[in-house]
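Listed below, chain by chain, are the residues.
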Amino acid sequence: MASHYSLFVEKWKSCTACELHKDRQNVVLARGKIPCDVLFVGEAPGQSEDCLSAPFVGPAGQLLDKIVERAIASDVRVAFTNLVCCIPLDDDGVKVSEPPDEAIEACSIRLQEFVEIANPRLIVCVGKLAKDWLDPGWKHSIRFHAKIPLVDITHPAFILRANIAQQGLLCQKATVILRNAVEDILLKR
Ligand code: SF4
């Protein structure tokens with residue numbers, strides 16, 4: 001029998017619910033262990049993700065993997081997704097910094113379904129945009145059925161744009177936030 005996740009992939013892999021479908025090579029749904037303990041939600045796929053059909057596989061994703069390795073024990077199941085699953089491009093084919101609100105709204109139905117299947121105990125908002133959309137206090141909040149604790153960390157793409165000294169500090173801060181949040185949820189197991 002097909003798993004819930006296989007059915008989910010089948011349902012969304014050809015989605016045309018928003019304009020972003022026109023420029024994508026692949027719908028980038030998720031990677032990692034599903035179900036998971038910790039779900040990372042970023043913003044949108046980039047060029048590497050669009051090619052490989054997996055989130056957080058470019059340089060920023062590789063930095064995020066390093067932070068996760070430092071902060072979280074290997075037996076904690078982690079998974080990754082984004083607010084939108086299709087790369088947002090401008091007219092020149094360059095990735096725009098933020099996907100349009102309409103695309104995030106359209107893709108939020110998919111995100112809510114994914115959160116039900118992944119069933120995380122903690123959601124990590126990767127970057128400000130994910131925080132703004134997932135934080136229950138914000139006007140555009142995506143509301144999950146279950147109340148799931150949230151933390152937020154600096155987006156690794158932002159860290160990579162900082163100077164070397166700042167990069168070290170920002171990575172350290174993200175590591176501490178993750179480690180503390182995961183220790184908290186594991187204590188409640
Ligand atoms: Fe569908 Fe989401 Fe892609 Fe829009 S971004 S076409 S809603 S999968």
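Description of the structure in this document. (Residues numbered from 1 in each chain as written. Predicted model: local features only at pLDDT ≥ 70, side-chain atom pairs only at ≥ 80, totals over all residues. Heavy atoms only, no water.)

1. Structural notes on the pattern of salt bridges
Going through the model one piece at a time under the given rule, you end up with seven salt bridges. A salt bridge links R77 to D37; the shortest N-O distance between them is 3.0 Å. Placement of the pair is R77 in the loop between α3 (59-71) and β3 (78-82) and D37 in the loop between β1 (31-32) and β2 (38-42), with a sequence separation of 40 residues. Since its relative accessible area comes to 34%, R77 is described here as partly exposed. (Salt bridge = Lys/Arg side-chain N within 4 Å of Asp/Glu carboxyl O. Helix = DSSP H or I, 4+ residues; strand = E, 2+ residues; numbered from the N terminus. Buried < 20%, exposed > 50% of the residue type's maximum accessible area, 1.4 Å probe, protein only.)

2. Regarding the packing of helix α1 (residues 4-12) against helix α4 (residues 101-118)
It is at 10 Å that the axes of α1 and α4 come closest, and there the two elements cross at 170°. Classified by the interaxial angle, the pair formed by α1 and α4 is roughly antiparallel. Each of H4, Y5, F8, K11 and W12 in α1 lies in contact with α4, whose residues at this interface are I109, R110, E113, F114 and I117. Looking at the contact of α1 with α4 residue by residue, the class counts come to six nonpolar, one polar and three charged. (Axes fitted to C-alpha atoms, helices over the stretch in contact; angles between N-to-C directions. Parallel < 35°, antiparallel > 145°, perpendicular 65-115°, else oblique. Contact = heavy atoms within 4.5 Å. Nonpolar A, V, L, I, M, F, W, Y, C, P; charged D, E, K, R; others polar.)

3. Notes on the sheet that holds strand β5 (residues 150-153)
The five strands lie next to each other as β1-β3-β2-β4-β5, forming an open sheet whose pairing is mixed. Of all strands in the sheet, those with a lone pairing partner are β1 and β5, marking the two edges. Across the sheet, α3 is in contact with β1, β2, β3, β4 (122-126) and β5; its angle to β3 comes to roughly 150°. Lying on the sheet, α4 is in contact with β2, β3 and β4; it crosses β3 at an angle near 170°. (Pairing = 2+ DSSP bridges.)

4. Brief notes about helix α7 (residues 164-187)
With 24 residues, α7 extends 35 Å between its outermost C-alpha atoms, agreeing within 8% with the 34 Å of an ideal straight helix rising 1.5 Å per residue. Along α7, the residues that are buried comprise Q167, L170, C171, A174, T175, L178, A181, V182 and I185. Elements in contact with the buried residues of α7: β2, α3, β4, β5 and α6 (156-161). Among the residues of α7, the N-terminal cap falls to N163, whose side-chain oxygen and the backbone nitrogen of A165 are separated by 3.2 Å. (Expected span 1.5 Å × (residues − 1). Polar contact = N/O pair within 3.5 Å; in protein donor to acceptor, adjacent residues only side chain to side chain.)

5. Concerning the packing of aromatic side chains
Under the counting rule described, the total for this entry stands at five aromatic pairs. When the centroid spacing of 5.8 Å and the interplanar angle of 25° are considered together, the rings of Y5 and F8 count as stacked. A residue pair is termed a helical-turn pair when its members lie 3 or 4 positions apart in one helix, as Y5 and F8 do in helix α1 at three residues. On the numbers, 5.1 Å between centres and 20° between planes, the contact of F40 with F80 is stacked. One end of the pair, F40, is in strand β2; the other, F80, is in strand β3, with 40 residues separating them in the sequence. With a relative accessible area of 0%, F40 lands in the buried category. Classification of F80 as buried rests on a relative accessible area of 3%. Among the aromatic residues, those joined into a ring-pair cluster are Y5, F8 and F114. The ring of F80 has R31 sitting right over it, with the charged end atom 4.2 Å from the ring centre. (Phe/Tyr/Trp six-rings, centres within 6.5 Å; stacked < 30°, edge-to-face > 60°. Lys NZ or Arg CZ within 6 Å of the ring centre and 35° of its normal.)

Honestly, that's just the spatial picture; any functional story needs more than this.
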